[in-house]
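# Close look at the chain arrangement
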There are 2 protein chains.
Amino acid sequence: VDAGGADRGAGEVAAGAVMAAEHGVRVLLFGPAAEIGAVGAGVHVVDAPVSVAKSRDPARAVRANPDASIVQAARAVAAGEAHALVSAGATGVALAACLFEVKRASGIYRPALALPLPTPARSLPVTLLDVGASAEARPEHLVQFAFMGAAFARAVLEVPRPRVALLSNGEEPERGNTSVVQAHETLARLGALDAASSDRADCLFEFAGNIEGDQVPEGAVDVVVSDGFTGNVALKLIEGVSGTMLAAIRAAALASPRSRLGGALMRPALRAFWEAIDPERQGGAYLLGLRSLGVIAHGRFTRAGFAQAILRAQRGAEDDVVARTHAALQAADALRAAPSRNRVSVRTGGGD
Amino acid sequence: VDAGGADRGAGEVAAGAVMAAEHGVRVLLFGPAAEIGAVGAGVHVVDAPVSVAKSRDPARAVRANPDASIVQAARAVAAGEAHALVSAGATGVALAACLFEVKRASGIYRPALALPLPTPARSLPVTLLDVGASAEARPEHLVQFAFMGAAFARAVLEVPRPRVALLSNGEEPERGNTSVVQAHETLARLGALDAASSDRADCLFEFAGNIEGDQVPEGAVDVVVSDGFTGNVALKLIEGVSGTMLAAIRAAALASPRSRLGGALMRPALRAFWEAIDPERQGGAYLLGLRSLGVIAHGRFTRAGFAQAILRAQRGAEDDVVARTHAALQAADALRAAPSRNRVSVRTGGGD
């Protein structure tokens, strides 16, 4: 766990680590020991006072600061001293450190950032990926994202057979940009093969076709796949629209003594709603497609959010989401071909 | 005005036409005369009982049914009998009829569908385009969309100098997919030329760079440009998130006698909020880049929404949004080069 970058300081991350340790997780915590102070059993602090969480050039900061807390934490994961990485810092920096130290899993084209989105429409979140690890995606990237998201939903969110859809501008198979249309073809073909096999026990997910944007908050599927550009725009829109609407409703509730009384009377009924959509319950964003799972908690989280991020990282490591993803991709013949010596891969004409 | 496709029937569209006529607009109304019945002054009904609004294959339906109300209405616009088209029907069908009959304006690569989105954050809507006319966009398409959206905001929404941004996954100029990054370069260059010129009177818009999804509902700019795939996903997400949240808040308000009382007390204060985000006030979606303006009202609108669509169509025609767009694109040297005889254009290596 990297304690750098938290709005409330490294002590808040340490408090979350202690909460997680009370549930049996052993935590290696990288951060400023002087600020963190004493911690309980199960948490081992490694003094790492340098933080690059506020860097504006993540890739350079990570390379230039091998002692930074996030880089040390990622290196510990790469070395097998820990089974998963949790960062309390900025997404870009954590992403750079993970790519640089933990590295891509074998056969994966590109890692993806997955975000389980809480929705009032159902109790389980809807996992959206990629929400911004890459700006563009070829069809084979989207196909892998489907497998990565499904393995994550099964291992970490405990969805037995996740329903996975492609985010598109229409439900019909021919709707979408080129990458979406081609990924749809591949996933539909794999789904047909899967349905034809007599042994469905190993089926990782059900391909639900395309869904449109309005079906995401409705909770129509468990996993929504998109390129990182669209996924990032989608994620920010969801945050922006819900934030703007809640602000407008709050303003209306404060508009007069009458509406203030009304708002006070409604508050207990609204509490369950606030709790259902509380982002801390989801632990943060999940970096999939690396040799180990990465969890990027939000800097504004309280200790409860950091504890949840650590507990979910443990669940992902215990269920071995990385190995599950690899096995499912291998069974579907959707792994990236090993690049030959002259760096031209057989299937795609080039690595990235 | 095509009266086909309205959920409440052609009579509701006719009632909207009568309301618009009371404001001085002359309306040619295409629809089933028997169903429409008598109308007031200023509305001329052309009997067109065939409707293809429910067709699942818009392009084929439009070609196969030259007598369909939407096709007749589009043909009347193409022939100069009317100055703008308003459809009460399905978006895909109206789009097909417009492309087939009204046709692209000269120098325009592709038309775009623009939607003014109401937001509680400000009184003027935020216009998002393209929300689904095309699934992919090259950089030069996005550049034209910026001009088209700005001319629309100025002519129809009466924003004197619209602020225009590209929707992206980060604010920095280098963030985005390839089309967004290249369009950003061109728009920034044009903006710099514009700022350097001594005569700023003709400036059509201010380029505000990239914005992220959360800044759309915050009303950070007047016009948001994206490809039709991303724009459609964004639009549906906005609808879905606001719908899901309102449903959850309504459910909370009905959860107990106490919260029901609270909801009743808050209702007057919330009314202004409902009115501000009422989609009927925006008239519908606007088809830009054709030889005449097209307005696609929503089938579920009441007469007030259809009247607003007609009034806005008139405003766009009076202010000549098509000519304004052309002049601004010409000044910026951003018109599409005329295709040569062998259909290879100078600038882009091919038409579409």
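As a starting point, this report considers the structure included with it. Please read these numbers as outputs of a predicted model, since none were measured by experiment.

Procedures and definitions
- Residues numbered from 1 in each chain as written.
- Chains lettered and ligands numbered in written order.
- Predicted model: local features only at pLDDT ≥ 70, side-chain atom pairs only at ≥ 80, totals over all residues.
- Heavy atoms only, no water.
- Helix = DSSP H or I, 4+ residues; strand = E, 2+ residues; numbered from the N terminus.
- Polar contact = N/O pair within 3.5 Å; in protein donor to acceptor, adjacent residues only side chain to side chain.
- Contact = heavy atoms within 4.5 Å.
- Buried area = accessible area lost by both parts, 1.4 Å probe.
- Salt bridge = Lys/Arg side-chain N within 4 Å of Asp/Glu carboxyl O.
- Nonpolar A, V, L, I, M, F, W, Y, C, P; charged D, E, K, R; others polar.
- Least-squares fit on C-alpha atoms with pLDDT ≥ 70 in both.
- Pairing = 2+ DSSP bridges.
- Axes fitted to C-alpha atoms, helices over the stretch in contact; angles between N-to-C directions.
- Buried < 20%, exposed > 50% of the residue type's maximum accessible area, 1.4 Å probe, protein only.
- Parallel < 35°, antiparallel > 145°, perpendicular 65-115°, else oblique.
- Left-handed = near helix turned anticlockwise from the far one by under 90°.
- Expected span 1.5 Å × (residues − 1).
- Core = buried A, V, L, I, M, F, W, Y, C linked by side-chain atoms within 4.5 Å.
- Phe/Tyr/Trp six-rings, centres within 6.5 Å; stacked < 30°, edge-to-face > 60°.
- Lys NZ or Arg CZ within 6 Å of the ring centre and 35° of its normal.

## Considering the side chain of Asp227 of chain A
Within the secondary structure, Asp227 of chain A is located in the loop between β8 (223-225) and α8 (228-253). A polar side-chain atom of Asp227 of chain A sits 3.0 Å from the main-chain amide nitrogen of Phe229 of chain A. Look past the residues within four positions of Asp227 of chain A in its chain and what remains in contact with it is Asp130, Ala135, Glu136, Ala137, Leu142 and Asn177 of chain A together with Phe229 of chain B.

## Some thoughts on the interface of chain B and chain A
With 50 residues of chain B at the interface, the matching set in chain A holds 50 residues. Buried surface at the junction of chain B and chain A, summed over both partners, amounts to about 4,400 Å²; 76% is from carbon and sulfur atoms. Put simply, chain B and chain A have two salt bridges between them. We note a salt bridge from Glu212 of chain B to Lys236 of chain A, for which the minimum N-O separation is 2.2 Å. At the junction of chain B and chain A, the tally comes to eight residue pairs in polar contact (both at pLDDT 80 or more). Put simply, the parts of the chain that give the side of chain B that touches chain A at least two residues each are α7 (178-196), α8 (228-253) and α9 (257-276) of chain B. The dominant element in the side of chain B that touches chain A, judged by the number of residues it contributes, is α8 of chain B, at 18 residues. Its residues assigned to classes, the side of chain B that touches chain A shows 28 nonpolar, 15 polar and seven charged.

## Observations concerning the relation of the copies chain B and chain A
With an RMSD of 0.0 Å, chain B superimposes on chain A once it is rotated by 180 degrees and translated 0.0 Å along the axis. The transformation relating the two chain copies, once decomposed into turn and shift, fits a two-fold axis. Of every C-alpha in chain B, the one belonging to Gly262 of chain B sits nearest the axis of rotation, 1.8 Å from it.

## A short note on the sheet that holds strand β10 (residues 293-296) of chain B
Residues and elements named next belong to chain B. With mixed pairing, the eight strands of this open sheet are ordered in space as β3-β10-β9-β4-β5-β8-β6-β7. For this open sheet the edge positions go to β3 (84-87) and β7 (206-211), each flanked by a neighbour on one side alone. Strand-to-strand twist of the sheet, defined as the mean angle between neighbouring strand axes without regard to direction, takes the value 25 degrees. Note: strand β6 (residues 163-167) against β7, four bridges, orientation parallel. When the sheet's bridge partners are listed, Leu167 is paired in β7 with Ile211.

## Some remarks on the sheet that holds strand β7 (residues 206-211) of chain A
Residues and elements named next belong to chain A. Reading across from one edge, β3-β10-β9-β4-β5-β8-β6-β7 is the order of the eight strands in this open sheet, with mixed pairing throughout. One side of each edge strand has no neighbouring strand; the edge strands of this open sheet are β3 (84-87) and β7. Between one strand axis and the next, the sheet turns through 25 degrees on average, direction left out of account. With three bridges joining them, strand β5 (residues 126-129) and β8 adopt parallel strand pairing. Residue pairing for β8: Thr127 is matched across the bridge by Val223.

## Examining the pattern of salt bridges
Residue and element names in this part refer to chain B. All told, the structure shown has 20 salt bridges over all chains when counted by the stated rule. One salt bridge in this structure joins Glu140 and Arg138, with 3.0 Å as the shortest N-O distance. Classification of Arg138 as partly exposed rests on a relative accessible area of 28%.

## A word on the packing of helix α6 (residues 139-155) of chain B against helix α11 (residues 321-331) of chain B
All names here are of chain B. Here α6 crosses α11 at 135 degrees, and the two axes come no closer than 9 Å. Classified by the interaxial angle, the pair formed by α6 and α11 is oblique. Considering how the two elements wind past one another, α6 and α11 form a crossing that is right-handed. Here α6 contributes Gln144, Phe147, Met148, Ala151, Phe152, Arg154 and Ala155 to the contact with α11, which in turn contributes Val321, Arg324, Thr325, Ala328 and Leu329.

## Quick notes on α9 of chain B
Between its terminal C-alpha atoms α9 of chain B stretches 28 Å, which fits the 28 Å expected from 20 residues at 1.5 Å a residue. Taken together, the buried positions of α9 of chain B are Ser259, Gly262, Gly263, Leu265, Met266, Leu270 and Phe273 of chain B. Tucked inside the fold, the buried residues of α9 of chain B contact α8 and α9 (257-276) of chain A together with α8 of chain B.

## Structural notes on the nonpolar core
Membership of the largest hydrophobic core comes to 234 residues, with the highest contact counts inside it found for Phe147 of chain A together with Phe147 of chain B. Leaving out residues up to four positions away in the same chain, Phe147 of chain A has contacts with Leu187, Leu190, Leu204, Phe205, Thr325, Ala328, Leu329 and Ala332 of chain A.

## Here's the deal with the packing of aromatic side chains
With the rule as written, the count across this model stands at eight aromatic pairs over all chains. An angle of 85 degrees between the planes, with centres 5.0 Å apart, marks the rings of Phe147 of chain A and Phe205 of chain A as edge-to-face. Of this pair, Phe147 of chain A sits in helix α6 (residues 139-155) while Phe205 of chain A is found in the loop between α7 (178-196) and β7, placing the two residues 58 residues apart along the sequence. With relative accessibility at 5%, the residue Phe147 of chain A sits in the buried group. For Phe205 of chain A, a relative accessible area of 11% translates into the label buried. Between the aromatic rings of Phe273 of chain B and Trp274 of chain B, the centroid separation amounts to 5.2 Å while the plane-to-plane angle is 40 degrees, which identifies the pairing as tilted. Over the aromatic face of Trp274 of chain A sits the side chain of Arg250 of chain A, whose NZ or CZ is 5.6 Å from the ring centroid.

## Some details on unusual backbone geometry
Along the chain, Leu129 of chain A connects to Asp130 of chain A via a cis peptide bond; the corresponding omega equals -5 degrees. Here Asp130 of chain A lies in the loop between β5 and α6. The backbone phi angle of Lys103 of chain A is positive, close to 75 degrees, even though this residue is not glycine. Looking at the element boundaries, Lys103 of chain A is found in the loop between α5 (91-102) and β4 (112-117). The phi dihedral of Glu158 of chain B is positive, around 60 degrees, even though this residue is not glycine. Within the element layout of this structure, Glu158 of chain B appears in the loop between α6 and β6.

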